[in-house]
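The residues making up each chain are set out below.
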Amino acid sequence: MAGAIFGIALFLVFTNDTERPEAEEPVQPTTSTTDDGSEEEEADEEMTEVAPPAGGTTSPEEDPDPAPASDPAPAPAPTPQPTPPPPAPQVKTFELTGASFAFSQSEIRVKQGDTVRIIFTSTGSFHDWVVDTFGAATAQVSMGGTSEVTFIASAKGTFEYYCSVGNHRAMGMTGTLIVE
Ligand SMILES: [Cu+2]
């Protein structure tokens, strides 16, 4: 297709150059009157009309260039994603039971910032589960009862949890909460 167009353009250019002198020569000698002048104008118009198509093919190609140039401008939209924070805090659930006078689990280990959920069930008499530092305490429940408490382990360290009923703490109903 392009080859054909190019060929036509070449043909037009070639024919223009070659026909021009031939067309002018026969016309000029024979035409000295006003009537012939009009013929010359027609001949010139044909020449000029033929020429534009050759040049016309190049102008449309130049127009599209400015348009795409403006498109890339809005490209820098993507914003760099913030680097993900260190391991996201998790909810860590522990199910403990308490009897007289001990907890089923003597140590609980979590990471700082973790949300700690304690589900405490008494398998003995009246008991609860308490950590003073984080203000965490379940309700006091009797045998078979369950109570839970949720808190955030906001500080690192080793903390004692215990049963606050009677002298159960002194009787050894304690455990260790380790926040790393
Ligand atoms: Cu107790």
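Residues numbered from 1 in each chain as written. Predicted model: local features only at pLDDT ≥ 70, side-chain atom pairs only at ≥ 80, totals over all residues.

### Regarding the overall build of the chain
- When helices and strands are tallied, the chain shows four helices and nine strands.
- Order of helices (α) and strands (β) in the chain, N terminus to C terminus: α-α-α-α-β-β-β-β-β-β-β-β-β.
- A buried classification covers 13% of the 180 residues belonging to the chain.
- In the chain, the proportion of contacts linking residues at least 24 apart, taken out of those at least 6 apart, comes to 59%. (Helix = DSSP H or I, 4+ residues; strand = E, 2+ residues; numbered from the N terminus. Buried ≥ 20, exposed ≤ 12 C-beta atoms within 10 Å, placed from the backbone. Contact = placed C-beta atoms within 7 Å.)

### Concerning the confidence of the model for the chain
- This prediction gives the chain a mean pLDDT of 74; 53% of its residues lie at or above 70.
- With pLDDT under 50 throughout, residues 1–34 is counted as low confidence; its partners more than four residues away or in other chains account for 19 contacts. (pLDDT = per-residue confidence, 0-100.)

### A few points about the nonpolar core
- Core analysis: the largest hydrophobic core is formed by 15 residues, its most contacted members being Leu96, Ile118, Trp129, Tyr161 and Leu177.
- Of all the elements in the fold, those that place two or more residues in this core are strand S4 (115–122), strand S5 (130–131) and strand S9 (174–179).
- No other element matches S4, which puts three residues into this core.
- Sequence-distant contacts of Trp129, defined by excluding residues within four places in its chain, comprise Leu96, Gly98, Ile118, Phe120, Thr138, Tyr161 and Cys163. (Core = buried A, V, L, I, M, F, W, Y, C linked by C-beta atoms within 7 Å.)

### Digging into the sheet that holds S4
- Reading across from one edge, S2-S1-S4-S7 is the order of the four strands in this open sheet, with mixed pairing throughout. Lying at the two open borders of the sheet, with one neighbouring strand each, are strand S2 (102–103) and strand S7 (146–152).
- In this structure, strand S1 (residues 91–99) lies alongside S4, joined through eight bridges in parallel fashion. By the bridge assignment for S4, Phe94 is matched with Ile118. (Pairing = 2+ DSSP bridges.)

### Concerning the pairing of S1
- Sheet topology note: the S1/S2 ladder contains two bridges and is antiparallel. Bridging from a neighbouring strand, Gly98 pairs with Phe103 of S2.
- Two successive antiparallel strands, S1 and S2, enclose a turn made up of two residues.

### Re the environment of Asn167
- With respect to the helices, strands and loops of the structure, Asn167 is situated in the loop between strand S8 (157–162) and S9.
- Under the C-beta neighbour-count criterion, Asn167 is labelled exposed, with 9 such atoms within 10 Å.
- The spacing of Asn167 and Phe101 is 66 residues in sequence and 9.6 Å in space, taken between C-alpha atoms.

### Some words on unusual backbone geometry
- A cis amide bond links Ser100 to the next residue, Phe101, at an omega of 0°.
- As for its placement among the helices and strands, Phe101 is situated in the loop between S1 and S2.

### What about the environment of Val91?
- Inspection of the secondary structure puts Val91 in strand S1.
- On a C-alpha basis, the gap between Val91 and Thr150 in space is 9.0 Å, while along the polypeptide they are 59 residues apart.
- Apart from the residues within four sequence positions on either side, Val91 is in contact with Thr115 and Arg117.

### Some points on the environment of Ser125
- With respect to the secondary-structure elements, Ser125 resides in the loop between S4 and S5.
- Considering only alpha carbons, one finds Ser125 and Ser142, 17 residues apart in sequence, at a separation of 5.2 Å.
- Setting aside anything within four residues of it in sequence, one finds Ser125 in contact with Ser100, Ser142 and Met143.

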